[in-house]
Amino acid sequence: MQDAARPRTKIEVCNLTKRFGELLVLDDISFSVAEGEFVAIVGPTGCGKTTFLNTLSCLLPASNGQILIDGTPANPKRHNISYVFQEPTCLPWRTVRENVAYGMEVKGRPQKDIDERLDHILNLVGLTQCANLYPNQISASMQQRIAVSRAFAVDPDLLLMDEPYGQLDVKLRFYLEDELVSLWRKLQSTVLFITHNIEEAVYVSERILVLSNKPTRIKAEVKVDLPRPRDFMDPEFVRIREHVTDLIRWW
Amino acid sequence: MTAYREVVVRTPLALKLLPILSVATFFIAWEIVVRTGVVPDTMLAAPTTVTQLLLDKFTNMDPDGALLHQHAWVSIQEAFGGYFLALAVGLPLGLAMGWFNVAEGLARPIFEIIRPIPPVAWIPLTIFWFGIGLPGKIFIIWLGGLVPCVINAYVGVKMTNPTLIQMARTYGASDWQIFKQLCIPSALPMVFGALQIALACCWTNLVAAELLAADAGLGFMITMGRRLAMPEMVVLGMFMVGLTGAFIGVIIDRVEKRLLAGIRR
Ligand SMILES: Nc1ncnc2c1ncn2[C@@H]1O[C@H](COP(=O)(O)OP(=O)(O)OP(=O)(O)O)[C@@H](O)[C@H]1O
Ligand SMILES: [Mg+2]
């Protein structure tokens, strides 16, 4: 479906290297992401996936190399970067609605725009009914949905997600993955999605980057050119899933 | 409804009666010990004597120069003056020290030097500077109340969830935005704790300050009782200090509940 000529390059990662003292975690990683692309990253435990995102989001300085967004070095103050963390990050003293608004407030958007955007997003993810509840009044999965909504709300140039649904049960995960895909398609953000779960990666993404063990490099790149909504039983789906599994099992 | 009524927790009889019994025994024994001369009345006053003085002191300025409620009012004024000043300075200082390296770097060493000195040890210097009036005592009380305010606010900010801070950073939040939007709300429960602790500190230091340098107040009344060899006045002073302190504690508790309900989390 996305066969039409690819839009321009949005994110470019050049020779990214990260060391913690002597420990080399990211070893000279280079790749690029097109505007509006959904890329999944899978890799063995402890290979440096979180470190990778932390470096991309400028939370950690890179030891070497650079990250370009629209051709300029990534900078959270200038670019719209959103990061959905592994653990829930709701502000307990703000309501659901105020939590979703947080990113936009930080960026100083006018109140009128914020309100319009909030109505739109809360409606898309079906959180309108609980807009005025506090995080301690809703479940953990809801909290993660708030984090996802907050991330999409700022119109991110780059949306980073670190196993956002790792803790949830299978059924709810399918549901939220569908929700994620539909948000992505409606809002056309560029997404980097980290996961342990290969099926999840094949289900949501357009391209999968497979990472090696430490020192981490990109070991392979797998295109997922399947129509949506995707079907877990589809032979092509199963083939890609097994291909990626083999790539990881090699270690 | 009826099902609940059956499991209503009743206070056991022992817990209702025994407190009355023990308090009554305590006062009666005290009275007897003094009346029979086992403890001479130059050392301790009987409860009845103290009660008499209590009633008398509402109308009689002698021998210490003020009525009972006047003493209490002086003490309360001093305590709250010092207390509010301590909150006004200590809380912002502690909050800032918890987040801004400049504030921590500048204020922390001085704070650590001053902190272990008991406020009472400042009394002689204070008398040089302010005499024995209201400002000097407010200064002592302020010093004592400052410490818990700074520490609690500081620790409260340090307890801010680091992932929340990372989250804000990726949205491009400035240091000031993070301080205002994340650190202060995170610190609030600790700050409310400081309200109580600081008040207890202030009240304790107040009495100590009045014992040593004052011309009015409950602590001063205790000192006068000693100078005039009137144990009943000493006991009355002690009793009033306890009663007023407990009363203020109840008020602060109410205020805190009200405030906490206002910022429901
Ligand atoms: N601040 C740090 N200092 C030193 N070493 C670190 C630091 N952070 C991460 N590491 C090391 O870097 C490696 C990668 O860690 P990271 O958390 O990025 O892995 P991960 O792929 O996200 O793991 P998981 O799949 O469990 O989430 C680990 O071996 C870890 O010990
Ligand atoms: Mg991780």
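What counts and what doesn't
- Residues numbered from 1 in each chain as written.
- Chains lettered and ligands numbered in written order.
- Predicted model: local features only at pLDDT ≥ 70, side-chain atom pairs only at ≥ 80, totals over all residues.
- Heavy atoms only, no water.
- Helix = DSSP H or I, 4+ residues; strand = E, 2+ residues; numbered from the N terminus.
- Buried < 20%, exposed > 50% of the residue type's maximum accessible area, 1.4 Å probe, protein only.
- Contact = heavy atoms within 4.5 Å.
- Areas by Shrake-Rupley, 256 points an atom, 1.4 Å probe, with all protein chains shown as cover.
- Lys, Arg positive; Asp, Glu negative; His and termini not counted.
- Charge placed at Lys NZ, Arg CZ, Asp CG, Glu CD.
- Pairing = 2+ DSSP bridges.
- Axes fitted to C-alpha atoms, helices over the stretch in contact; angles between N-to-C directions.
- Salt bridge = Lys/Arg side-chain N within 4 Å of Asp/Glu carboxyl O.
- 1 Å grid on protein atoms, 1.4 Å probe; cavity = no way out; pocket = protein on both sides within 12 Å on 5 of 7 lines; lining within 4 Å.
- Points joined across faces, edges and corners; volume = space filled by probe spheres on them.
- Nonpolar A, V, L, I, M, F, W, Y, C, P; charged D, E, K, R; others polar.
- Domains from an automatic or database assignment.
- Buried area = accessible area lost by both parts, 1.4 Å probe.
- Near = heavy atom within 4 Å.
- Polar contact = N/O pair within 3.5 Å; in protein donor to acceptor, adjacent residues only side chain to side chain.

A. Seen up close, the overall build of chain A. Helix and strand counts for chain A come out as seven helices and ten strands. Projected onto its principal axes, the C-alpha coordinates of chain A cover approximately 50 × 45 × 40 Å. The buried share of chain A, taken over its 251 residues, is 54%. In chain A, 71% of the contacts between residues at least 6 apart in sequence involve partners at least 24 apart. When the accessible area of chain A is evaluated, it comes to approximately 11,100 Å², of which 50% is carbon and sulfur surface. Chain A carries 30 positive and 33 negative side-chain charges, and their two centres are separated by 3 Å.

B. Structural view of the pairing of strand β4 (residues 64-69) of chain A. Residue and element names in this part refer to chain A. Here strand β1 (residues 9-20) runs beside β4; their pairing, made up of five bridges, is antiparallel. When the bridges of β4 are listed, Cys 14 appears paired with Gln 66. Summarising the sheet, β4 and strand β5 (residues 72-73) pair through two bridges and their orientation is antiparallel. Residue pairing across strands places Leu 68 opposite Pro 73, the latter belonging to β5. Counted between consecutive antiparallel strands, the loop separating β4 from β5 contains two residues, among which Asp 70 sits at a positive phi close to 50°.

C. Spotlight on the environment of Ile 198 of chain A. Residues and elements named next belong to chain A. Among the secondary structure elements, Ile 198 is positioned in helix α6 (residues 198-204). By relative accessible area, Ile 198 is classed as buried at 14%. Residues Ile 198 and Ile 240, spaced 42 residues apart in sequence, show a C-alpha to C-alpha distance of 9.6 Å.

D. Up close: the sheet that holds β5 of chain A. Residue and element names in this part refer to chain A. The antiparallel open sheet is built from four strands, whose spatial order is β2-β1-β4-β5. A single partner strand is all that each edge strand has here, and the edge strands are β2 (23-34) and β5. Set on the sheet, helix α1 (residues 49-56) makes contact with β1, β2 and β4; between it and β1 the angle comes to about 120°.

E. Inspection of the pattern of salt bridges at higher detail. Residue and element names in this part refer to chain A. All told, the structure shown has 26 salt bridges over all chains when counted by the stated rule. Of the charged contacts in the structure, one is a salt bridge between Asp 70 and Arg 8, with a shortest N-O distance of 3.4 Å. Placement of the pair is Asp 70 in the loop between β4 and β5 and Arg 8 in the segment before β1, with a sequence separation of 62 residues. For Arg 8, a relative accessible area of 48% corresponds to the partly exposed category. Here Glu 37 makes a salt bridge to Arg 207, at a shortest N to O gap of 2.7 Å. Of this pair, Glu 37 sits in the loop between β2 and β3 (38-42) while Arg 207 sits in strand β9 (residues 207-211); the two residues are 170 residues apart in sequence, bridging distant segments of the chain. Taken individually, Glu 37 and Arg 207 each receive the classification buried, so the pair is uniform in this respect. The network of salt bridges with common partners includes Arg 8, Lys 10, Glu 35, Asp 70 and Asp 157.

F. View of the layout of surface pockets. Residue and element names in this part refer to chain B. Of the voids in this model, the largest pocket is the one considered here, and its volume is about 200 Å³. Along the walls of the largest pocket sit Phe 27, Trp 30, Pro 47, Val 50, Thr 51, Leu 54, Val 235, Leu 236, Met 238 and Phe 239, which together make up its complete lining. When residues of the lining of the largest pocket are traced back to their parent elements, those giving at least two are α2 (13-35), α3 (47-57) and α11 (231-262). Grouping the constituent residues of the lining of the largest pocket by class yields nine nonpolar, one polar and no charged.

G. Spatial organisation of the domain arrangement of chain A. All names here are of chain A. If you check the domain split of chain A, you get domain 1 (1-80 + 156-251) and domain 2 (89-155). Centre-to-centre, using C-alpha coordinates, domain 1 lies 24 Å away from domain 2. Of the residues lining the interface, 20 residues belong to domain 1; the matching set on domain 2 comes to 15 residues. Counting the surface lost from both domain 1 and domain 2, the interface buries some 1,400 Å², and carbon and sulfur atoms represent 69% of this. The largest per-residue losses of area from domain 1 upon contact with domain 2 belong to Pro 156, Leu 183 and Leu 187, which jointly make up 36% of the total buried on that side. Across the pair Arg 145 and Glu 179 runs a salt bridge whose closest N-O atoms are separated by 3.0 Å. For the side of domain 1 that touches domain 2, the elements supplying multiple residues, two or more each, are β7 (158-162) and α5 (170-187). Top contributing element to the side of domain 1 that touches domain 2 by residue count: α5, with nine residues.

H. Structural context of the site of ligand 1. Residue and element names in this part refer to chain A. Taken together, 14 residues lie near ligand 1, and Gly 48, Lys 49, Thr 50, Thr 51 and Lys 214 sit nearest. Between ligand 1 and the protein, one listed contact pairs an oxygen atom with a side-chain N or O atom of His 196 at 3.4 Å. Take Lys 214: an N or O atom from its side chain is 2.5 Å from an oxygen atom of ligand 1. Across the complex, the protein chains shield 60% of the 630 Å² of accessible surface that ligand 1 would expose by itself. Mapped by element, the contributors of at least two residues to the shell around ligand 1 are β2 and α1. Of the residues forming the shell around ligand 1, the biggest block, three residues, is contributed by α1. Taken together, the residues of the shell around ligand 1 break down into four nonpolar, seven polar and three charged.

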